[in-house]
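Fold and geometry: a report
Each chain, written out:
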Amino acid sequence: MRQNMGQIRIIEAFLAVFIIFSSFAVSANLTITQNKTKPNDLASVGLQALMKLDSDGSLGMCVDDGNWSALRDALNLALPAGVSFNLTVYSAQMQQINTAVISNGAFSSQDVAFVEYICTSRSSMFRCYIIHLYLTVAA
Amino acid sequence: MPAISIDTFFACSLMVILVLSAMAGTSKLLSPYINNAIDQDSAERYKEVSKYLLLNSGNPPNWGQNPAAMPETFGLAKTSADSPYELDVDKISRLNSENLYTLNYAQIFTALKMPDVSFRIEIKPIFEVSISPTATFNGTTETTYEFEILTEKHGMLVQADVKGYVIAESYLEATFVHASNGRISLNITLPNDVNGPALFAVLAKASCDSKVVSFGVCAFTHNSVEPEPKGTFLRLSPLNYVLNASFIYSEIALSSAYALTYGYNSTLTQTASNNQSATYDIPRFLDSSPQILVVAGRNSTAFFTEWTTYPQVPLQMGANFATSATLSNIFAYTYIITIDSALYECTFWFGGPED
């Protein structure tokens, strides 16, 4: 009787060891996903996007034409998914030029990155624009 | 030995194993949170590495153009680039495994000269073009095919101007440019005396920026059997504005080759051929657009078309972090890059041994 009980406990112990180790084997394969984006990284992404859009002068052309929807769509394409932005265009005298909101949604985070970019118009009349871009990661 | 002693021995062993495993597991799970300062250093380092790869042309600077050249130091930038983050069309094409002159990860890893850094790179158009056949209308002399074309980025529709090309045996036709709000239906009419399988290639230019161009290709049946998957008959390798078409089967005879961009198209001139391969010159179009290169021919009696793009994107190469069983941190950096004046999205993933 006592011998039988000992055998059952050994089997129990083996089962327990098997269950515990299998749980560890499974949990070891679960990767921790921490999606951290720092404001500095976002600012760098935003500046690079503005630079690329402006590489052939199309940014200045959009401002010249007052084509705010094209500016919003271009930024939507150039910025990674899940990034919210708000862009304001100022003249050299710091007067707001854009007559419509250039944004893809409300900001839901306190960590806001800021980019200031200066672009020029390539039309016959020289104009200088100051662009303020605010970025945050959408919730 | 009495059973109770064996019981006690196993119980104690189990407890010890359990405690040790719990400690090891907990420290492993918490290490990314505890080592936050170390992570910040790693993040900064990997960011600089990704910038270095995109802003430096490597050594020799023209390693992309020369099929025999192996980079001593790795860098993807175009030599004497006009703007930062402008990459070399050939260096990018040599990262694609479809290319005959592709570099494998071990060669790149050696050229990177950073033994503790593993990485993955993905380059793709900024938005996607998907083509799906929706209807067929059979006529006595011609057949009309209806396709639905979607231009989208992460499920969000992208307004674009869409241009299509239809290629079949001794047949090339370009469609008009159609403005699309992200979803459009296009009809294509093919004469019934033309042999297929046919290829429908679509180039889409974003309405908001003419530098943002994407493409999609769909092979479909027309007076033929089902089209074979890409790469069944030829291995197409564009490099240094020369297209190399390597034959998979010996009975292959090539008939024509085309280069298609959003604004232009051209028939390619064959410069050399033997029983294993043929080469064509690729024109240098002044167009912010990837080139779709199509080669048509016959394998014994069956007509076929094969295609690739120049630069050869989309591509993904490097270490595979998705199947990683370790709990090491992975850092991702996304850039907008220029290749031949068109914009693409480039993402790096970096990882290394745990500190």
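Residues numbered from 1 in each chain as written. Chains lettered and ligands numbered in written order. Predicted model: local features only at pLDDT ≥ 70, side-chain atom pairs only at ≥ 80, totals over all residues.

A word on the overall build of chain A. Each helix and strand counted, chain A has four helices and four strands in total. For chain A, the sequential pattern of α-helices and β-strands runs α-α-α-α-β-β-β-β. Sorting the 139 residues of chain A into buried and exposed places 25% on the buried side. Contacts in chain A between residues at least 24 apart in sequence constitute 66% of all its contacts with a sequence separation of at least 6. (Helix = DSSP H or I, 4+ residues; strand = E, 2+ residues; numbered from the N terminus. Buried ≥ 20, exposed ≤ 12 C-beta atoms within 10 Å, placed from the backbone. Contact = placed C-beta atoms within 7 Å.)

Helices and strands together make up the secondary structure of chain B, namely four helices and 22 strands. Against the 2.2 N^0.38 benchmark of 20 Å for 355 residues, chain B shows a C-alpha radius of gyration of 26 Å, more extended than a compact globule. Dimensions of chain B along its principal axes, counting C-alpha atoms only, are 95 × 55 × 45 Å. Of all 355 residues assigned to chain B, the portion counted as buried reaches 39%. (Rg over C-alpha atoms; globule rule 2.2 N^0.38 Å.)

Residues and elements named next belong to chain B. Spatially, the four strands line up as an open sheet ordered 15-14-18-19, and their pairing is antiparallel. Of all the strands in the sheet, the pair left with one neighbour each is strand 15 (265-267) and strand 19 (302-310). Strand-to-strand, the axes of this sheet are offset by a mean angle of 20°, without reference to chain direction. Sheet topology places strand 18 (residues 291-299) next to strand 19; nine bridges connect them, and they run antiparallel. Pairing of R298 across the sheet is with F303, part of strand 19. (Pairing = 2+ DSSP bridges. Axes fitted to C-alpha atoms, helices over the stretch in contact; angles between N-to-C directions.)

This next bit is on the nonpolar core. The nonpolar side chains of a soluble globular protein tend to be buried with one another. Residue and element names in this part refer to chain B. The biggest cluster of nonpolar side chains holds 112 residues, and the ones touching the most others in it are A201, L293 and V294. In terms of residue count, strand 10 (residues 198-206) provides more of this core than any other element does, eight residues in total. Once residues lying within four places of it in the same chain are set aside, the contact partners of V294 are I167, L199, A201, A257, Y258, L260, T305 and W307. (Core = buried A, V, L, I, M, F, W, Y, C linked by C-beta atoms within 7 Å.)

For an interface, size is often stated in terms of accessible area lost upon the parts coming together. Residues and elements named next belong to chain B. Here chain B is partitioned into domain 1 (36-125 + 324-351) and domain 2 (126-227). Taking the mean C-alpha position of each, domain 1 and domain 2 sit 33 Å from one another. At the junction of the two partners, domain 1 supplies six residues and domain 2 supplies seven residues. If one sorts the elements of the side of domain 1 that touches domain 2 by residue count, strand 22 (residues 342-351) sits on top with four residues. Residues of the side of domain 1 that touches domain 2, tallied by class, amount to four nonpolar, one polar and one charged. (Domains from an automatic or database assignment. Nonpolar A, V, L, I, M, F, W, Y, C, P; charged D, E, K, R; others polar.)

As a further point, take the pairing of strand 14 (residues 252-260) of chain B. Residues and elements named next belong to chain B. Sheet topology places strand 14 next to strand 18; eight bridges connect them, and they run antiparallel. Bridge assignment links A257 to a residue of strand 18, and that residue is V295. Looking at chain direction, strand 14 and strand 15 are connected through three bridges and run antiparallel. Following the sheet pairing, A259 is matched in strand 15 by S266. Two successive antiparallel strands, strand 14 and strand 15, enclose a turn made up of four residues.

What follows is about the sheet that holds strand 17 (residues 277-281) of chain B. All names here are of chain B. Taking strand neighbours across the sheet as the criterion, the four strands line up as 12-13-17-16 in an open arrangement whose pairing is antiparallel. Pairing within the sheet leaves two strands with one partner each, and these edge strands are strand 12 (234-239) and strand 16 (270-273). Across the sheet, the axes of successive neighbouring strands diverge by a mean angle of 20°, strand direction being ignored. Direction of pairing for strand 16 relative to strand 17: antiparallel, over a ladder of three bridges. By the bridge assignment for strand 17, A272 is matched with T279.

On to the pairing of strand 11 (residues 213-220) of chain B. Residue and element names in this part refer to chain B. Of all the eight residues making up strand 11, seven are buried; the element is thus mostly covered by neighbouring parts of the structure. Across eight bridges, the pairing between strand 10 and strand 11 is antiparallel. In the sheet register, A201 faces strand 11, and the bridge partner there is V217. Where strand 10 hands over to strand 11, the hairpin turn is made up of six residues, counted between the paired strands.

Attention now goes to the environment of D193 of chain B. Residue and element names in this part refer to chain B. Looking at where D193 falls in the secondary structure, it is placed in the loop between strand 9 (183-191) and strand 10. Using a count of 9 C-beta atoms within 10 Å as the deciding quantity, one classes D193 as exposed. As for D193 and E169, which are separated by 24 residues in sequence, their C-alpha atoms are 10.0 Å apart.

Residue and element names in this part refer to chain B. Here the amide bond leading from N59 into P60 is cis, since omega sits at -5°, within 30 degrees of zero. The peptide bond linking V313 to P314 adopts the cis configuration, its omega dihedral lying at 0°. Residue position: P314 is located in the loop between strand 19 and strand 20 (315-318). Positioned with a positive phi, N223 is a non-glycine residue whose angle comes to about 50°. A residue is classified by how many C-beta atoms lie within 10 Å of it, and N223, with 17 of them, is partly exposed. For S341, which is not a glycine, the phi torsion comes out positive at approximately 65°. Within the fold, S341 resides in the loop between strand 21 (331-339) and strand 22.

Residue and element names in this part refer to chain B. Along the chain, the position of H178 falls in strand 8 (residues 178-180). Judged by local crowding, H178 falls into the partly exposed class, with 16 C-beta atoms found within 10 Å. Distance in space between the C-alpha atoms of H178 and V162 is 5.1 Å, their sequence separation being 16 residues. Once residues within four sequence positions are removed from consideration, H178 is found in contact with V162, I184 and L186.

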